[in-house]
Amino acid sequence: MGEMQELSTFWFVTFGAVKVVAVFTVVMVVVAYMTLAERRVSAFIQDRLGPNRVGPFGLLQPIADGLKNIIKEETMPGTAAKFYFVLGPALAIMPAVVTFAVIPFAAPLPTPVGTVDMIVADVPIGILYILALSSLAVYGIVLSGWASNNKYAFLGGLRASAQMISYEVALGLSVIAVLLLAGNVTLTEMVWKQQQLGLWFVFPLSLAFIFFLISALAETNRLPFDMPEAESELITGYHTEYSAMKFSMFFIAEYAHVVTASALMATLFFGGWDIPFWPGDDMFRHEGAWIRGFDESGAPIPTTPSVLITLLTLGAFSAKTGFFLLLYIWIRWTLPRFRYDQVMHLGWKVLLPAALGYIMLIAGTMLVLDQLGVTYGMLYGLVLTAVSGVTTLAFLFFVDRDRVISGAHRKRTPRAGVTRPVAGTGGRPTSS
Amino acid sequence: MAISVKVMRRPEAGRTSYMRATLKGMSLTFRHMVRPTKVTLEYPEEQPELSPRWRGTHRMEVHADGRPKCVACGLCPTVCPANCIRLVGGEDDQGNRYPIVYEIDEFRCIFCGMCQEVCPVEAIHVGQHFENAEYGRDRFVYDLDRLMEQDHPTTLLWDPSDPRSE
């Protein structure tokens, strides 16, 4: 019981290859059906029907779309920088599809030849790998925007570079809070730490989750932060000049980013593949054995991986990721687009200082708890939850009602008691 | 009638809660997402309900023996504001006038229905029908045989004593 049989090199490589193919296929299928879900859900939100002609409920629509994009004509603007124009979509899609590799998607699977980790590559740098690669995505966008030799594409590329770099800062800082609590950068261990805490990190790190959600929306160029595309302003921004499969690759890249960001949110803040209120699925490699946790005296409690648990946890992970995918669509079809300066203002003047302050707060609280000798567990989590909850409410209070951020027409509004805009005068203060 | 101007008052600074507005919007879209109001008519499967006064494709009424009811009086080409009716009248042995050529160009027609209103023998009608797509432009000039073949319901004329067709 609990003894671990390591995979031989042959099986490690074989299972690795199988996992690469399987994960890539699943991500691509999810991306394809995300495009359908986006169109269907947006249609429902707007009281329309959406694509429902190809197959039952339009389920074959992504195949029809793919086929259409492959056989369509590839246009090449005469004045484009040809090499970079072709390189752009490739650079955009590559980081999008490889980032999923370090996300654990289920509990380890037992096989006759050993236990297989349900993660493509359990690299020790985990989240750093994701941050490093996802920041490469901006190159594809900037390059294609520039190489198109089109002013709208160029503006889209410019906006993308500014926005994605700005929000990477907030994204990274919100992740630091998670790193503080997890004490490690591998995502496998983050899941384990959440199981040990008995609380998903969304509770003790609620504000970090809000920052991460906002930054992830901005990083994936989704509404309300789709500045690089901004249909009403820039046609479609950086991919204006692209057609057929090259356009499709940007599309796939965007949705692959969305899928990865959703999976990441589920992993970092919602326990990954952890099934709530059930310690039976907790599983971690500890000194050559599978353990479920530690008892009172600190001795490890052994556990055995099972196929059933793997399947259940895979379901839990899919459900959480699916929720965030739906949230992405839901937000997109609800909120209007921010103005560009508002995006920058929010990123640099609100999220960055707030995230820095929050890191200090979490680090301080953890230091105090450690000094008081509180062990890592439910009480530890609840104290952090209380501190974070108060901070979150305070943050939401201060950013609300024009206290920190406001619309353009508020810029010159005088303080109370001086003059107020009067209705019917077009917003101008009365002369009296 | 007096012009009523609705002055939209912008809420004063600090009076609107963005958080509440956002959540309100999210809940509104969620309600529509889970229970969409059905407004789309899935056209080829579902047919629209046409008004009894819908003016569409023309048709020519025929006698029981298959002759057109038209007496080639020439009123419809005269009244037609789009000048889309071509009529060449003839006379048979008994002195009955009949149309030798009767053509309506459905492209020129503006479907005002005045030909139907002016017709003294209730021969030419506009109908409650709109599915008249064709593969070529030449197919849109309807000749007499084609007009007589149409079998869709004809349009109800506007009755001044019952202006809403109730």
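The structure presented is a predicted model; accordingly, all values stated were derived computationally and were not measured. Here the residue numbering is sequential within each chain, running from 1 through the sequence in written order. To read the labels, note that chains go from A and ligands from 1, taken in the order they are written. The predicted origin of the model limits local features to residues at a pLDDT of at least 70 and limits the giving and counting of side-chain atom pairs to 80 or more, whereas totals for whole chains, interfaces and linings rest on all residues.

## Looking at the overall build of chain A
Each helix and strand in chain A was counted, giving 13 helices and 5 strands. Computed over the C-alpha atoms, the radius of gyration of chain A is 24 Å, within 12% of the 22 Å expected from 2.2 N^0.38 for a compact globule of 432 residues. In terms of overall dimensions, chain A has a C-alpha envelope of 80 × 65 × 40 Å along the principal axes. Partly exposed residues are those whose C-beta has more than 12 but fewer than 20 other C-beta atoms within 10 Å; 20 or more makes a residue buried and 12 or fewer makes it exposed, with C-beta atoms placed from the backbone. Out of the 432 residues belonging to chain A, those deemed buried represent 43%. For chain A, long-range pairs separated by at least 24 residues make up 76% of all intrachain contacts whose partners lie at least 6 apart in sequence. Numbering of helices and strands starts at the N terminus; helices are DSSP runs of H or I of at least 4 residues and strands are runs of E of at least 2. Radius of gyration means the value over C-alpha atoms here, while the globule rule gives 2.2 Å times the residue count to the 0.38 power. The contact criterion used is a C-beta to C-beta distance within 7 Å, with each C-beta placed from the backbone.

## Focus on helix H1 (residues 9-45) of chain A
The end-to-end C-alpha distance of H1 of chain A, which contains 37 residues, comes to 51 Å, matching closely the 54 Å that a straight helix rising 1.5 Å per residue would cover. Those residues of H1 of chain A that fall on the buried side of the exposure criterion are Val27, Val30, Val31, Met34, Leu36, Arg40, Val41 and Ile45 of chain A. For H1 of chain A, the secondary structure elements touched by its buried residues are helix H2 (61-71), helix H3 (82-98), helix H10 (244-269) and helix H11 (307-332) of chain A together with helix H1 (18-34) of chain B. Positive backbone phi, approximately 60 degrees, marks aspartate 47 of chain A, located one or two places after H1 of chain A. To estimate the expected span of a helix, subtract one from its residue number and multiply by 1.5 Å.

## Description of the pairing of strand E2 (residues 85-91) of chain B
Each pair of strands is called paired provided DSSP finds at least two bridges between the two strands. Bridge analysis of E2 of chain B against strand E3 (residues 97-105) of chain B gives 7 bridges, and the strand direction is antiparallel. For glycine 89 of chain B, the partnering residue across the bridge sits in E3 of chain B and is proline 99 of chain B.

## Focus on the sheet that holds strand E5 (residues 141-142) of chain B
An order of E2-E3-E5 (chain B) is seen for the 3 strands of this open sheet, with the pairing classed as antiparallel. Each edge of the open sheet is held by one strand with a lone partner, namely E2 and E5 of chain B.

## A word on the pairing of E3 of chain B
Residues and elements named next belong to chain B. Two successive antiparallel strands, E2 and E3, enclose a turn made up of 5 residues, where glycine 95 displays a positive phi of approximately 85 degrees. Two strands pair when backbone bridges link them, and E3 and E5 are joined in this way by 2 bridges, in the antiparallel orientation. In the strand pairing of E5, isoleucine 104 is matched with tyrosine 142.

## Some points on unusual backbone geometry
Residues and elements named next belong to chain A. Even without being glycine, isoleucine 235 reaches a positive phi, approximately 60 degrees. By secondary structure assignment, the location of isoleucine 235 is in the loop between helix H9 (231-234) and H10. Phi angles above zero are rare outside glycine, and alanine 244 is one such case at about 50 degrees. For alanine 244, the location among the structural elements is in helix H10.

## Here we look at the confidence of the model for chain B
Residue and element names in this part refer to chain B. On a scale of 0 to 100, pLDDT captures the predictor's confidence in every residue. For chain B, the average pLDDT comes to 86, and 95% of its residues sit at 70 or higher. Highest mean pLDDT in chain B belongs to helix H2 (residues 75-79) (92); lowest belongs to H1 (87). The ipTM, which scores confidence in the relative placement of chains, is 0.73 for this predicted complex, and the corresponding pTM is 0.80.

## Looking at the sheet that holds strand E4 (residues 289-294) of chain A
All names here are of chain A. Spatially, E3-E4-E5 is the arrangement adopted by the 3 strands of the open sheet, whose pairing is antiparallel. The outermost strands of the open sheet, each flanked by one partner alone, are strand E3 (284-286) and strand E5 (300-302). Sheet twist, expressed as the average angle between the axes of neighbouring strands with direction ignored, equals 65 degrees. Here 3 bridges tie E4 to E5, and the two strands are oriented antiparallel to one another. The residue of E5 that forms the bridge with isoleucine 291 is proline 302. Axis geometry follows a simple rule: fit a line to the C-alpha atoms, using only the stretch in contact for helices, then measure angles between N-to-C directions, giving values from 0 to 180 degrees.

## Comments concerning the environment of arginine 59 of chain B
Residues and elements named next belong to chain B. Inspection of the secondary structure puts arginine 59 in strand E1 (residues 56-60). Along the chain, arginine 59 and lysine 24 lie 35 residues apart, while their C-alpha atoms are 54 Å from each other. Among residues more than four places away in sequence, those in contact with arginine 59 are His125, Gly127, Leu147, Gln150, His152 and Thr154.

## Digging into helix H7 (residues 187-197) of chain A
All names here are of chain A. Taking burial as the measure, the 11 residues of H7 include 9 buried ones, the bulk of the element. Residues Leu187, Thr188, Met190, Val191, Trp192, Gln194, Gln195, Gln196 and Leu197 constitute the buried set of H7. On its buried side, H7 packs onto helix H4 (127-134), helix H6 (151-182), H10, E3, E4 and helix H13 (378-399). One or two residues past the end of H7 sits glycine 198, with phi positive at roughly 80 degrees.

## Looking at the packing of helix H8 (residues 206-219) of chain A against helix H12 (residues 340-371) of chain A
Residue and element names in this part refer to chain A. At a closest axis distance of 10 Å, the pairing of H8 and H12 adopts a crossing angle of 145 degrees. Viewed along their axes, H8 and H12 form a crossing whose handedness is left-handed. Where H8 approaches H12, its residues Leu207, Ala208, Phe211, Ile214, Ser215 and Ala218 are matched on the opposing element by Gly347, Leu351, Ala355 and Tyr358. Under the convention adopted here, Pro, Cys and the residues Ala, Val, Leu, Ile, Met, Phe, Trp and Tyr are nonpolar, Asp, Glu, Lys and Arg are charged, and Gly plus all remaining residues are polar. Looking at the contact of H8 with H12 residue by residue, the classes come out as 8 nonpolar, 2 polar and no charged. Left-handed describes a crossing in which the near helix is turned anticlockwise from the far one by less than a right angle; the clockwise case is right-handed.

## Looking at the packing of H12 of chain A against H13 of chain A
Residues and elements named next belong to chain A. Relative to each other, H12 and H13 sit at 155 degrees, their axes nearing to 11 Å. As summarised for this structure, H12 and H13 are arranged roughly antiparallel, according to the angle between their axes. Crossing of H12 over H13 shows right-handed handedness. Counting all contacts with H12, which are made through Val350, Ala354, Tyr358, Leu361, Thr365 and Leu369, the residues of H13 involved are Tyr380, Val383, Leu384, Val387, Thr391, Phe395 and Val399. Orientation labels follow simple angle bins: below 35 degrees gives roughly parallel, above 145 gives roughly antiparallel, 65 to 115 gives roughly perpendicular, and whatever is left gives oblique.

## Details of the nonpolar core
Core analysis: the biggest nonpolar cluster contains 117 residues, and Val178, Leu205, Phe212, Val259, Met265 and Phe269 of chain A have the highest contact counts within it. The dominant element in this core, judged by the number of residues it contributes, is H10 of chain A, at 16 residues. Discounting residues that sit within four places of it in the chain, leucine 205 of chain A has contacts with Ala177, Val178, Leu181, Phe269, Ile362 and Ser388 of chain A. By size, the runner-up hydrophobic cluster in this structure holds 17 residues, among which are Met60, Cys70, Ile85 and Tyr102 of chain B. Take the buried Ala, Val, Leu, Ile, Met, Phe, Trp, Tyr and Cys residues, join any whose C-beta atoms are within 7 Å, and the set you get is a nonpolar core.

## Remarks on the environment of serine 135 of chain A
Residue and element names in this part refer to chain A. With respect to the element layout, serine 135 can be found in the loop between H4 and helix H5 (137-147). Residue classification places serine 135 among the partly exposed residues on the basis of 16 C-beta atoms within 10 Å. Considering only alpha carbons, one finds serine 135 and alanine 182, 47 residues apart in sequence, at a separation of 23 Å.

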